[in-house]
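Observations on the three-dimensional arrangement
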Amino acid sequence: MRSAAVATGFAVFVLVIGTVLVAFGAIIFAGEGQWGAVWLLVVLELFFIAGFAAMLHMARQRRRNGGKPPAALPG
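Everything numeric here is computed off the predicted structure, so don't read it as measured data.

Attention now goes to helix α1 (residues 4–31). With 28 residues, α1 should cover 40 Å at 1.5 Å per step; its first-to-last C-alpha distance of 40 Å lies within 8% of that length. For α1, the full list of buried residues reads Ala4, Ala7, Ala11, Leu15, Gly18, Val22 and Gly25. One or two positions beyond α1, positive phi appears at glycine 33, with a value near 80°.

This is the structure:
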């Protein structure tokens with residue numbers, strides 16, 4: 001990622017696209033009465049939210065470091 005603003009924008013983009021796709025899928029499956037699939041999509045949405053939180057955390061770290069990526073682990 002280039003900057004904290006780009007990383008934040010990408011995180012928001014991924015969350016919005018994922019949420020829209022999950023919502024459409026949930027509407028379709030609910031219309032067909034496949035409630036197990038709807039619950040599966042709800043769990044998938046929780047993963048999108050967790051990924052969003054992780055990406056936002058990385059963007060905040062980048063902002064604190066003056067735009068530099070976080071330090072790599074020694075190894």
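Within the element layout of this structure, alanine 5 appears in helix α1. C-alpha of alanine 5 to C-alpha of arginine 60: the two residues are 55 residues apart in sequence and 9.2 Å apart in space.

Judged by side-chain polarity, Val12, Val16, Val20, Phe24 and Ile27 come together as a nonpolar surface patch covering roughly 450 Å² of accessible area. Position of phenylalanine 24 relative to the elements: it lies in helix α1. With relative accessibility at 51%, the residue phenylalanine 24 sits in the exposed group.

Criteria and thresholds
Residues numbered from 1 in each chain as written. Predicted model: local features only at pLDDT ≥ 70, side-chain atom pairs only at ≥ 80, totals over all residues. Heavy atoms only, no water. Helix = DSSP H or I, 4+ residues; strand = E, 2+ residues; numbered from the N terminus. Expected span 1.5 Å × (residues − 1). Buried < 20%, exposed > 50% of the residue type's maximum accessible area, 1.4 Å probe, protein only. Patch = residues over 30% accessible without salt bridge, like charges linked within 9 Å, V, L, I, M, F, W, Y side chains within 5 Å. Areas by Shrake-Rupley, 256 points an atom, 1.4 Å probe, with all protein chains shown as cover. Salt bridge = Lys/Arg side-chain N within 4 Å of Asp/Glu carboxyl O.

Such coordinate-based values are descriptive only and should not be taken to indicate function.
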